[in-house]
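Residue strings, one per chain:
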Amino acid sequence: MNVNSVSSTFLLIAFFVYLLAFFLFVVSITGKRWSNRKPEDHTRQWGFVAFITSVVGFACHVTFFFTRWAEGDHIPTSNMYEFMTFLGMMIICAFLIVYLIYRTPVLGVFALPIGFIIIAYASVFPSEVQPLIPALQSYWLKIHVTTAATGEAFFAVGFAGGLMYLLRAVDYTGTSKTDKKEQRGVELTLFFILMLVAFIASIFTFNGSGYKAVFSKDVIVTNAQGVQETNHTTETYVLPPIVKPYATEVVEMKSFLGMSEPLFTAPSWMEGASAGRKLNTVLWSILGGLILYGLARLVARKPLGAAIGPIVKGMDAEDLDEISYRAIAIGYPIFTLGALIFAMIWAQEAWGRFWGWDPKEVWALITWLFYAVFLHLRLSKGWQGKKSAWLTVIGFIVVMFTLVGVNLVIAGLHSYAGV
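Keep in mind that this is a model prediction, so the values were computed, not measured. (Residues numbered from 1 in each chain as written. Predicted model: local features only at pLDDT ≥ 70, side-chain atom pairs only at ≥ 80, totals over all residues. Heavy atoms only, no water.)

(A) Broad picture of the overall build of the chain. A count of helices and strands for the chain gives eleven helices and five strands. Looking at the chain as a whole, 51% of its 419 residues qualify as buried. Across the chain, every contact between residues at least 6 apart in sequence was considered, and the portion connecting residues at least 24 apart equals 75%. Of the roughly 19800 Å² of accessible surface on the chain, 65% is carried by carbon and sulfur atoms. (Helix = DSSP H or I, 4+ residues; strand = E, 2+ residues; numbered from the N terminus. Buried < 20%, exposed > 50% of the residue type's maximum accessible area, 1.4 Å probe, protein only. Contact = heavy atoms within 4.5 Å. Areas by Shrake-Rupley, 256 points an atom, 1.4 Å probe, with all protein chains shown as cover.)

(B) How the structure looks around the side chain of Ser 7. Mapped onto the secondary structure, Ser 7 falls in helix H1 (residues 3–30). The contact partners of Ser 7, leaving out residues within four places of it in the chain, are Phe 64, Thr 67 and Arg 68.

(C) Helix H7 (residues 275–300), seen in detail. Here H7 spans 37 Å end to end across 26 residues, near enough to the 38 Å set by a 1.5 Å rise per residue. Among all positions in H7, only Ala 275, Gly 276, Arg 277, Lys 278, Asn 280, Thr 281, Trp 284, Ser 285, Gly 288, Gly 289 and Tyr 293 are buried. Phi turns positive one or two residues past the end of H7, at Arg 301, with a value near 60 degrees. (Expected span 1.5 Å × (residues − 1).)

(D) View of the packing of aromatic side chains. This structure, assessed with the given rule, holds 30 aromatic pairs. When the centroid spacing of 5.5 Å and the interplanar angle of 80 degrees are considered together, the rings of Phe 15 and Phe 16 count as edge-to-face. A relative accessible area of 18% places Phe 15 in the buried class. Aromatic ring contacts, followed pair by pair, group Phe 15, Phe 16, Phe 22, Phe 23 and Phe 116 into a single cluster. (Phe/Tyr/Trp six-rings, centres within 6.5 Å; stacked < 30°, edge-to-face > 60°.)

(E) Up close: the packing of helix H3 (residues 80–102) against helix H4 (residues 105–122). At a closest axis distance of 7 Å, the pairing of H3 and H4 adopts a crossing angle of 170 degrees. As far as their axial angle goes, H4 and H3 are roughly antiparallel. Listed contacts from H4 to Met 80, Tyr 81, Met 84, Thr 85, Leu 87, Gly 88, Ile 91, Ile 92, Phe 95, Val 98 and Tyr 99 of H3 are Pro 105, Leu 107, Gly 108, Ala 111, Leu 112, Ile 114, Gly 115, Ile 118, Ile 119, Tyr 121 and Ala 122. When grouped by side-chain class, the residues that make up the contact of H3 with H4 number 18 nonpolar, four polar and no charged. (Axes fitted to C-alpha atoms, helices over the stretch in contact; angles between N-to-C directions. Parallel < 35°, antiparallel > 145°, perpendicular 65-115°, else oblique. Nonpolar A, V, L, I, M, F, W, Y, C, P; charged D, E, K, R; others polar.)

(F) How the structure looks around a nonpolar patch on the surface. Together, Phe 48, Val 49, Ile 52 and Val 56 line one region of the surface with nonpolar side chains, adding up to about 330 Å² of accessible area. Structurally, the position occupied by Phe 48 is in helix H2 (residues 39–72). Phe 48 sits in the exposed class, given a relative accessible area of 51%. (Patch = residues over 30% accessible without salt bridge, like charges linked within 9 Å, V, L, I, M, F, W, Y side chains within 5 Å. Salt bridge = Lys/Arg side-chain N within 4 Å of Asp/Glu carboxyl O.)

(G) Representation of the pattern of salt bridges. Evaluated as defined, the whole model comprises seven salt bridges. Across the pair Arg 378 and Asp 321 runs a salt bridge whose closest N-O atoms are separated by 2.8 Å. In this pair, Arg 378 sits in helix H10 (residues 359–380) while Asp 321 sits in helix H9 (residues 317–351), placing the two residues 57 residues apart along the sequence. Classification of Arg 378 by relative accessible area gives buried; the value is 7%.

(H) Broad picture of the nonpolar core. Core analysis: the largest hydrophobic core is formed by 112 residues, its most contacted members being Met 84, Phe 95, Phe 110, Leu 112, Tyr 121 and Phe 396. For this core, the leading source of residues is helix H5 (residues 140–169), giving 17 residues. Here this core spans two domains, and each of domain 1 (3–171 + 333–409) and domain 2 (173–301) adds at least three residues to it. Not counting the four nearest positions on each side in its chain, Phe 110 is found in contact with Ala 160, Leu 163, Met 164, Leu 167, Ile 308, Ile 311 and Val 312. (Core = buried A, V, L, I, M, F, W, Y, C linked by side-chain atoms within 4.5 Å. Domains from an automatic or database assignment.)

(I) Up close: the environment of Val 251. Inspection of the secondary structure puts Val 251 in strand E4 (residues 249–253). Sequence spacing of Val 251 and Val 214 is 37 residues, and the spatial spacing of their C-alpha atoms is 5.3 Å. Leaving out residues up to four positions away in the same chain, Val 251 has contacts with Val 214, Phe 215 and Ser 216.

(J) Local environment of unusual backbone geometry. A positive phi angle, close to 50 degrees, is found at Arg 103, a residue other than glycine. Within the element layout of this structure, Arg 103 appears in the loop between H3 and H4. One non-glycine residue, Arg 301, lies in positive phi territory at about 60 degrees. Turning to its location among the elements, Arg 301 is positioned in the loop between H7 and helix H8 (304–308). Judged by relative accessible area, which is 78%, Arg 301 ranks as exposed.

(K) Broad picture of the packing of H5 against helix H6 (residues 177–209). Interhelical geometry of H5 versus H6 gives an angle of 140 degrees and a closest axis separation of 11 Å. When the axes of H5 and H6 are compared, the pair comes out oblique. Of the two possible hands of crossing, H5 and H6 adopt the one that is left-handed. In this structure, H5 uses Phe 159, Leu 163, Leu 166 and Leu 167 to contact H6, whose residues at the interface are Val 186, Thr 189, Leu 190 and Ile 193. (Left-handed = near helix turned anticlockwise from the far one by under 90°.)

(L) Main features of the environment of Lys 302. Locating Lys 302 in the fold gives a position in the loop between H7 and H8. Look at Lys 302 and you get partly exposed, because its relative accessible area is 38%. Contacts of Lys 302, omitting those with residues within four sequence positions, involve Arg 297 and Ala 307.

Structure (structure tokens):
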């Protein structure tokens, strides 16, 4: 057995151990009603078992990280698969640190799923160990990427705390305009989570079935000598094409639910690299999210926030607010170092400029500014409670767009891969 297969095995073990830890945290919160022990004793005991299980999963995850490092002879953060598995590992690490401070088992019910959803998302990308491209052959790869991901990991835990606060504080029995607005905000946040889950599930399903659709296009380019040439290019979809690239012909496509041709063609202005495929991925994610959300509503027979809310009703609102704020306060300076300062130094070495308005650079700056505003409003204006919680939720949506949207939808120097 080679090192790569050993590392992959440890990641798979870590994933399932995280799932087990999540269910143990759920038992620590919900199982106390059927226990003969005092509720606090039951929560403390099962919370400790769930925490130890999380530590075991994290140990397996760390083993994956270093065995893959040994196989590739470079830190495994150079593509989307490696970066997302590292981010998932750091989210679990951030959760463990915050848990040791506050000893709140319900945090595991919300923070752990973020970690293993990120790991599942990583698994949709090619997992083969690849040599570093010249631009990444620098010691700054270790410094910049790891610190940026660590900061984002604490933002994820802050998001979990903020969402928990909103689920506890938003009144789903209220009928005022403010209540309705808050209810819709929570439901929209849960929909975004389900949309990511649906995207992962659809990629796994169609990849497993061997589905693909191939489109061809002739592109006229001008070579170095100024002579125009015709290049024949192809675009491969792993999801059934709801929309095909502009001005292309079908080369190969399997039928899906009786659909033998794309329903739409991408507009002419979407002629960028893989624009049609990326639009198709977004459409599938939205469609899958709507289906999952509809099924969840059908099962719960009430808004999802109202169904999940009772889990956190026993929590102290100030504790949840404090958890969310402290996680972001820890993550912000780390993110500042990794995503801005170290990134600009590396950009100067690699590309001869500190700043170039690349999409990833712009969105990293937007993320940094957003959390700067959050901390300013929190410390100077006294924004706590719901206001603070909403900002943590919106902030993490910005983080996820920076990670997913910029890499997969917007073309740039930092684009790693696409599906």
